[in-house]
Amino acid sequence: MTPLELLQKTMDTVEARGACYGESEASLADIAAYWDVYLMQMGTRSIGPRDVALMLLLMKMARVRGSPNHTDNYIDMAGYAALAGNLAHVFAKDQRPDR
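A brief report on the enclosed structure follows. (Residues numbered from 1 in each chain as written. Predicted model: local features only at pLDDT ≥ 70, side-chain atom pairs only at ≥ 80, totals over all residues. Heavy atoms only, no water.)

Here we take up the overall build of the protein chain. In terms of helices and strands, the protein chain carries four helices and zero strands. In sequence order, the protein chain lays out its α and β elements as α-α-α-α. Projected onto its principal axes, the C-alpha coordinates of the protein chain cover approximately 40 × 35 × 25 Å. In the protein chain, buried positions account for 30% of the 99 residues. Sequence-distant contacts, at least 24 apart, represent 56% of the contacts inside the protein chain between residues at least 6 apart. Side chains of the protein chain give 10 positive and 12 negative charges; the mean places of these two sets differ by 6 Å. (Helix = DSSP H or I, 4+ residues; strand = E, 2+ residues; numbered from the N terminus. Buried < 20%, exposed > 50% of the residue type's maximum accessible area, 1.4 Å probe, protein only. Contact = heavy atoms within 4.5 Å. Lys, Arg positive; Asp, Glu negative; His and termini not counted. Charge placed at Lys NZ, Arg CZ, Asp CG, Glu CD.)

So, about the nonpolar core. Membership of the largest hydrophobic core comes to 16 residues, with the highest contact counts inside it found for Leu28, Ile47, Val52, Ala53, Leu56, Tyr80 and Leu83. Elements supplying a minimum of two residues to this core: helix 2 (24-41), helix 3 (49-66) and helix 4 (71-94). By residue number, the principal contributor to this core is helix 4, which donates seven residues. With sequence-adjacent residues up to four places away left out, Leu28 is seen in contact with Pro49, Val52, Ala53, Leu56, Leu83 and Leu87. (Core = buried A, V, L, I, M, F, W, Y, C linked by side-chain atoms within 4.5 Å.)

Structurally, the position occupied by Asp76 is in helix 4. By relative accessible area, Asp76 is classed as buried at 12%. Polar side-chain contacts of Asp76 include one of 2.8 Å to the side chain of Lys60. Each residue touching Asp76, except ones within four places of it in the same chain, is listed here: Thr13 and Lys60. (Polar contact = N/O pair within 3.5 Å; in protein donor to acceptor, adjacent residues only side chain to side chain.)

Think of an α-helix as 3.6 residues a turn; residues three or four steps apart then line up on the same face. With 18 residues, helix 3 ought to run about 26 Å at 1.5 Å a step, and its terminal C-alpha atoms sit 26 Å apart, in line with that. Looking at the packing, one finds that the buried side of helix 3 touches helix 2 and helix 4. (Expected span 1.5 Å × (residues − 1).)

Let's shift gears to the pattern of salt bridges. Following the criterion strictly, the structure yields two salt bridges and no others. Between Asp76 and Lys60 there is a salt bridge whose closest N-O contact spans 2.8 Å. On the criterion of sequence distance, the pair formed by Asp76 in helix 4 and Lys60 in helix 3 is long-range, its members being 16 residues apart. Exposure class is identical for Asp76 and Lys60. Each is buried. (Salt bridge = Lys/Arg side-chain N within 4 Å of Asp/Glu carboxyl O.)

Here it is as structure tokens:
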């Protein structure tokens, strides 16, 4: 798979996930809310949707260690990086914090 094919597959996957799970910022914010409950029990600060995208990216990076030839992990990593980058742009443009 070429880099451009991988990015096209990533765009297709992000679009399909959006159709299935709804708008990405809202979905990541929901995940953040669930993770906040867990993390607060552990005495950790609250997180926002960008944190979720970055943490999911880290999860996929960990999975690559166990399955370095599983292309889906790289597609998902590109997708989570794109979501985090989009949120950084939105938050900067709107001059609002990510939480």
